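Structural description and commentary
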Amino acid sequence: MKKMVVVLATLMMAAAAQAETKIGIVDMQKAIQSTSTGKKAKAELEGEFNKKKKELEKKEADLKKMGEDLEKKKSVLSEEALGKKQAEFQEEMMKYRDVVGKSQLEIQKKEKDLTLPILEKMKKVIAKIAKEKSYTMVIENNQAILFATPDSDLTDEVIKAYEKEK
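These numbers come from a predicted model, not from an experiment.

Turning next to the side chain of S103. Mapped onto the elements of the fold, S103 is located in helix α4 (residues 79-132). Apart from the residues lying within four places of it in its own chain, the contact partners of S103 are K52 and L56.

Take T155: it is sitting in helix α5 (residues 155-164). Of the residues examined, T155 reaches a relative accessible area of 1% and is grouped as buried. If sequence neighbours within four positions are ignored, T155 has contacts with I25, V26, D27, K30 and A31.

Let us look at α5. Residues of α5 that are buried: T155, V158, I159 and Y162. Down the axis of α5, the buried set is contained in an arc of 100°. They therefore lie on one face. The exposed residues of α5 that point more than 90 degrees off its buried face are K160 and K164. Contacts from the buried residues of α5 go to β1 (23-26), α2 (28-34), α3 (36-73) and α4.

Conventions we followed
Residues numbered from 1 in each chain as written. Predicted model: local features only at pLDDT ≥ 70, side-chain atom pairs only at ≥ 80, totals over all residues. Heavy atoms only, no water. Helix = DSSP H or I, 4+ residues; strand = E, 2+ residues; numbered from the N terminus. Contact = heavy atoms within 4.5 Å. Buried < 20%, exposed > 50% of the residue type's maximum accessible area, 1.4 Å probe, protein only. Arc of directions from axis to C-beta.

The structure is reproduced here in structure tokens:
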């Protein structure tokens, strides 16, 4: 990854030496979360997450109680009855893990479904700004960018333009 960043930086410097290159950056995470649509999507996602979290916490509490009951009755149960109770407990644990996994996948799918339309519209807004302001390229601001001049950050401008596009 680092080698790719170095190569990309070298290529961009070489291109800049050849011709006037204007590069803009956008913090997509900030841009998406700052739009009214993004805030609405985030609230909806948090509501869904909290609902699932409560359901899982209840199931987890039930499992904990079941485990404690099993531990208390361990000495009084016959080997056969204890084995049966342990098998039931293990089965419930596996069901719980399955529900947790499915819940995570559902939340991820919901997040994708909510953010994809925002992202598509955001890309169009960015392309429009880039053309209007003669940017050669616009890249996403991420951990690989070590320095950029403040005037190359288009994030706030993209947010304003996105809100106007409604």
